[in-house]
There are 2 protein chains.
Amino acid sequence: MRKKEETGSIIEMCPVRNVIARFGNKWAFLTLLIIGEQGIVRFNELSRLMPDVSSRVLSSTLRTLEADGLIDRKVYAEVPPKVEYRLTEIGQSLLPLIRQLTEWALTNMKHVMTHRQEYRTHNNPDKNRR
Amino acid sequence: MRKKEETGSIIEMCPVRNVIARFGNKWAFLTLLIIGEQGIVRFNELSRLMPDVSSRVLSSTLRTLEADGLIDRKVYAEVPPKVEYRLTEIGQSLLPLIRQLTEWALTNMKHVMTHRQEYRTHNNPDKNRR
DNA sequence: CCGCATCCCCAAAGATACTG
DNA sequence: CAGTATCTTTGGGGATGCGG
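It should be emphasised that the depicted structure is a prediction, and the values quoted were computed from it without experimental measurement.

The next thing to look at is the overall build of chain A. Summing up its helical and strand segments, chain A has six helices and three strands in all. Of the regular secondary structure in chain A, the N- to C-terminal order runs α-α-β-α-α-β-β-α-α. Sequence separation of 24 or more characterises 45% of the internal contacts of chain A that already satisfy a separation of 6 or more. Of the accessible surface of chain A, which amounts to about 7,200 Å², a share of 48% is contributed by carbon and sulfur atoms.

Before going further, it helps to spend a moment on the sheet that holds strand β1 (residues 41-42) of chain A. Residues and elements named next belong to chain A. Across the sheet, three strands lie side by side as β1-β3-β2; this open sheet has antiparallel pairing. In the strand order of this sheet, the two ends are held by β1 and β2 (71-76), each with one partner. Where β1 meets strand β3 (residues 82-87), two bridges bridge the pair, whose relative direction is antiparallel. Within β3, the residue paired with arginine 42 across the bridge is glutamate 84. Here helix α2 (residues 28-38) sits on the sheet and contacts β1, β2 and β3; the angle it forms with β3, its principal contact strand, is near 95 degrees.

All names here are of chain A. Following the criterion strictly, the structure yields eight salt bridges over all chains and no others. For arginine 99, the salt bridge is made with glutamate 37, and the minimal N-O distance between the two is 3.0 Å. With a gap of 62 residues between them, arginine 99 in helix α5 (residues 89-122) and glutamate 37 in helix α2 connect regions that are remote in the sequence. Using a relative accessible area of 34% as the deciding quantity, one classes arginine 99 as partly exposed. When salt bridges that share partners are traced, they join Lys82, Glu84 and Arg86 into one network.

Our focus in this paragraph is the packing of helix α2 (residues 28-38) of chain B against helix α5 (residues 89-122) of chain B. Any two packed helices are characterised by how steeply their axes cross, that is the angle between the axes, and by the distance between the axes. Residue and element names in this part refer to chain B. Two elements in contact, α2 and α5, have axes whose closest approach is 10 Å; the angle formed by their N-to-C orientations is 110 degrees. For the element pair α2 / α5, the angle class is roughly perpendicular. Residues Phe29, Leu32, Leu33, Gly36 and Glu37 of α2 lie in contact with α5, whose contacting residues are Leu94, Leu95, Ile98, Arg99, Leu101 and Thr102. For the contact of α2 with α5, the per-class residue count stands at seven nonpolar, two polar and two charged.

Residues and elements named next belong to chain B. With antiparallel pairing, three strands are arranged side by side in an open sheet as β1-β3-β2. Each edge of the open sheet is held by one strand with a lone partner, namely β1 (41-42) and β2 (71-76). Across the sheet, α2 is in contact with β1, β2 and β3 (82-87); its angle to β3 comes to roughly 100 degrees.

Now for the environment of phenylalanine 43 of chain B. Residue and element names in this part refer to chain B. Mapped onto the secondary structure, phenylalanine 43 falls in helix α3 (residues 43-49). As for phenylalanine 43 and methionine 109, which are separated by 66 residues in sequence, their C-alpha atoms are 29 Å apart. Once you skip the residues sitting within four places of it in the chain, phenylalanine 43 turns out to touch Ser55, Leu58, Ser59, Leu62, Val83 and Tyr85.

Bringing the protein's contact with DNA strand D into the picture now. If you check the shell around DNA strand D, you find 20 residues, and the closest are Lys26 and Trp27 of chain A together with Arg42, Arg73 and Tyr85 of chain B. A distance of 3.5 Å separates a base oxygen of DNA strand D from a polar side-chain atom of arginine 56 of chain A. Between DNA strand D and the protein, one listed contact pairs a base oxygen with a side-chain N or O atom of serine 55 of chain B at 3.3 Å. If you list the elements that add at least two residues to the surface near DNA strand D, you get α4 (55-67) of chain A together with α3, α4 (55-67) and β3 of chain B. For the surface near DNA strand D, the element with the most residues is α4 of chain B, which contributes four residues. Partitioning the surface near DNA strand D into residue classes produces eight nonpolar, four polar and eight charged.

Right, let's talk about the packing of aromatic side chains for a bit. Using the criterion set out here, one finds one aromatic pair over all chains in the structure. Ring plane angle 80 degrees and centroid distance 6.4 Å describe the contact between phenylalanine 29 of chain A and phenylalanine 29 of chain B, whose orientation is recorded as edge-to-face. Of the two residues, phenylalanine 29 of chain A is situated in helix α2 and phenylalanine 29 of chain B in helix α2; the pairing between them involves two chains. Looking at phenylalanine 29 of chain A, the relative accessible area reads 5%, which means it is buried. Over the ring of tyrosine 76 of chain B we find lysine 82 of chain B; its NZ or CZ atom is 4.8 Å from the centre of that ring.

Quick look at the confidence of the model for chain A now. Residues and elements named next belong to chain A. With 78% of its residues at a pLDDT of at least 70, chain A reaches an overall mean of 79. Of all secondary-structure elements in chain A, the lowest mean pLDDT belongs to helix α6 (residues 125-128), at 44, while β3 reaches the highest, 94. In the model, residues 1-13 has pLDDT below 50 throughout and makes 30 contacts with residues more than four positions away in sequence or in other chains. The low-confidence segment residues 125-130, where pLDDT is below 50, has six contacts with residues more than four positions distant or belonging to other chains.

Parameters and conventions
Residues numbered from 1 in each chain as written. Chains lettered and ligands numbered in written order. Predicted model: local features only at pLDDT ≥ 70, side-chain atom pairs only at ≥ 80, totals over all residues. Heavy atoms only, no water. Helix = DSSP H or I, 4+ residues; strand = E, 2+ residues; numbered from the N terminus. Contact = heavy atoms within 4.5 Å. Areas by Shrake-Rupley, 256 points an atom, 1.4 Å probe, with all protein chains shown as cover. Pairing = 2+ DSSP bridges. Axes fitted to C-alpha atoms, helices over the stretch in contact; angles between N-to-C directions. Salt bridge = Lys/Arg side-chain N within 4 Å of Asp/Glu carboxyl O. Buried < 20%, exposed > 50% of the residue type's maximum accessible area, 1.4 Å probe, protein only. Parallel < 35°, antiparallel > 145°, perpendicular 65-115°, else oblique. Nonpolar A, V, L, I, M, F, W, Y, C, P; charged D, E, K, R; others polar. Near = heavy atom within 4 Å. Polar contact = N/O pair within 3.5 Å; in protein donor to acceptor, adjacent residues only side chain to side chain. Phe/Tyr/Trp six-rings, centres within 6.5 Å; stacked < 30°, edge-to-face > 60°. Lys NZ or Arg CZ within 6 Å of the ring centre and 35° of its normal. pLDDT = per-residue confidence, 0-100.

See the structure below:
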C-alpha cells in the first residue's frame, strides 16, 4: 500500500478496497457511531435517533454490519419482540476512527459548505444542481 | 453529539451527517487516499490506479471532491490537454484519518471477511446472496 | 406494537462509445 | 488526454403490510 508498484494498481492487492467499499454504505458510519454512543440500543430507538433513515434501510444496514462482525444482534424471544444491538470488540476498535472523522467534520464542515456553495455559483448551477 | 438529548435526534443538529453523507460517495475515500499518496496525479494516471472505476464515475467523484474544496484541479491550456489533481490543505488534513482507516482495514480485514463468510453459510445463502 | 419483508421508484454506479 | 453522452444496472429509500 505504498505507491504504484508492480501491476500499476494499488487496488487489486488491496483488501482495503473491500472494507472501504463497505462504508460506501451511506449509513454505516453513523449507525456505528450511534450504537457506540448508546452502548446498547434497540431497533426503534435507533430508528428514532436516525429519523431520516427508513426502517428498511436501517434494517439492511444493521444486517450488513452484523455480517461483517462489527455489531452484535441479540434477539429476545418475547412479545412484544425485543432486539438489542451493540458493538462487538472489532466494532469498538473502529469507533475511535469514526469519532475522529466526526471531529474533522465538525471542524471543517463550514469551510466545505462554503466552498461547495461558491463552486455552485461559479459554475453553471443548472448543470451542477442536485 | 453526546447522547440523545432535546429532540431525541442526534442528527438534525449534526452537520457531520452531511460530510459523512458526502463520503457515502463510494470512491471518495480511495480517490483522496491515492491522490494523497501520489501528490500530484493526472486523470488517466488515476484511472489506471483505479481500474474498477469507470471514467465517468471517477470524473464525477473528482468534481464532487473539488466542489467540497478537498482537491485542487489545475488545467493546462495545452494540446494534448493536461489536468492535474492534488489535495488542498483541507484535503491533506483528512488524509491521516483515511490512512488510519486503511490501517484498520489491513488489520481487521481477514476477520471481517471470515465473519461475513460464516454469516452467509449460517443464514440462508439464497436470501443473503448478492 | 416491534422488527422486519415486499413492492416500487429513482438516483447513483457501471459499461461503452465517442469528441474537443 | 481528459473527459462527456448515452444506456443499463444496482442499490438506496419511501410506503405499506405482516408475523410474532
